[in-house]
Amino acid sequence: LEVYPAGVFAALDCHDDRYKGDDEAERRRRAANLDGLRAAGARLDDGLATRLVEDAGGDGLDALAAAVVAARVVREDRLEPPADAWLPVESHSYV
């Protein structure tokens with residue numbers, strides 16, 4: 001299962017770019033992305049949420065995006081990509 005985090009954030013009407021970095025605007029974008037993931041079903045305690053928002057690299061937030069999508073794909077039994085979305089030389093990215 002391959003997940004493209006920026007694609008997930010775009011699909012959730014969140015920030016798909018400029019959320020990684022250590023300035024305040026990027027931190028606010030990470031917070032908004034976390035809100036979007038929570039609205040999509042992510043459940044986590046406040047301590048972890050704070051760590052994800054404060055992590056300038058954004059890797060934890062990307063991992064949470066992947067987990068949210070993976071759970072949705074399995075729950076909705078969508079492991080097989082749509083026939084019209086499959087390219088033999090590429091993989092299918094889930095969002």
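Small disclaimer: the values here were computed from a predicted structure and weren't measured.

Student: Looking at this structure, how should I read the overall build of the protein?
Tutor: For the protein, the helix and strand inventory stands at four helices and two strands. Helices (α) and strands (β) of the protein occur, in sequence order from the N terminus, as β-α-α-α-α-β. In the protein, of all internal contacts separated by at least 6 residues, the share reaching a separation of at least 24 is 52%. About 5900 Å² of surface is accessible on the protein, with carbon and sulfur atoms providing 51% of the total.

Student: Looking at this structure, how should I read the confidence of the model for the protein?
Tutor: Low-pLDDT stretches of the model should not have their predicted coordinates read in fine detail. Per-chain confidence: the protein averages 89 in pLDDT, with 86% of residues scoring 70 or above. The element-level mean pLDDT for the protein is lowest in strand 2 (residues 93-94), coming to 64, with helix 2 (residues 24-39) highest at 98.

Student: When you look at unusual backbone geometry in this model, what are you seeing that I'm missing?
Tutor: Negative phi values dominate among residues other than glycine, just as trans dominates among peptide bonds. Phi angles above zero are rare outside glycine, and aspartate 13 is one such case at about 60°. By the secondary structure assignment, aspartate 13 is in the loop between helix 1 (5-11) and helix 2.

Student: Sorry if this is basic, but what is going on with the nonpolar core here?
Tutor: The nonpolar side chains of a soluble globular protein tend to be buried, and buried together. Core analysis: the largest hydrophobic core is formed by 18 residues, its most contacted members being Phe9, Leu34, Leu37, Leu44 and Leu64. Going through the elements one at a time, helix 1, helix 2, helix 3 (46-54) and helix 4 (59-75) are the ones with two or more residues in this core. At six residues, the largest contribution of residues to this core is made by helix 4. Once you skip the residues sitting within four places of it in the chain, leucine 64 turns out to touch Leu34, Leu37, Ala42, Leu44 and Leu52.

Student: How should I be thinking about helix 2 in this particular structure?
Tutor: Residue pairs spaced three or four apart in an α-helix point in one direction, given the helix's 3.6 residues per turn. An ideal rise of 1.5 Å per residue puts 22 Å on 16 residues; helix 2 measures up with 23 Å between its terminal C-alpha atoms. Residues Glu26, Arg29, Arg30, Asn33, Leu34, Gly36 and Leu37 constitute the buried set of helix 2. Each buried residue of helix 2 sits inside an arc of 160° when the element is viewed along its axis, so together they form one side. Turning to helix 2, the residues buried within the fold contact helix 1, helix 3 and helix 4. After helix 2 finishes, the residue glycine 41 shows a positive phi value of roughly 120°.

Basis of the calculations
Residues numbered from 1 in each chain as written. Predicted model: local features only at pLDDT ≥ 70, side-chain atom pairs only at ≥ 80, totals over all residues. Heavy atoms only, no water. Helix = DSSP H or I, 4+ residues; strand = E, 2+ residues; numbered from the N terminus. Contact = heavy atoms within 4.5 Å. Areas by Shrake-Rupley, 256 points an atom, 1.4 Å probe, with all protein chains shown as cover. pLDDT = per-residue confidence, 0-100. Core = buried A, V, L, I, M, F, W, Y, C linked by side-chain atoms within 4.5 Å. Buried < 20%, exposed > 50% of the residue type's maximum accessible area, 1.4 Å probe, protein only. Expected span 1.5 Å × (residues − 1). Arc of directions from axis to C-beta.

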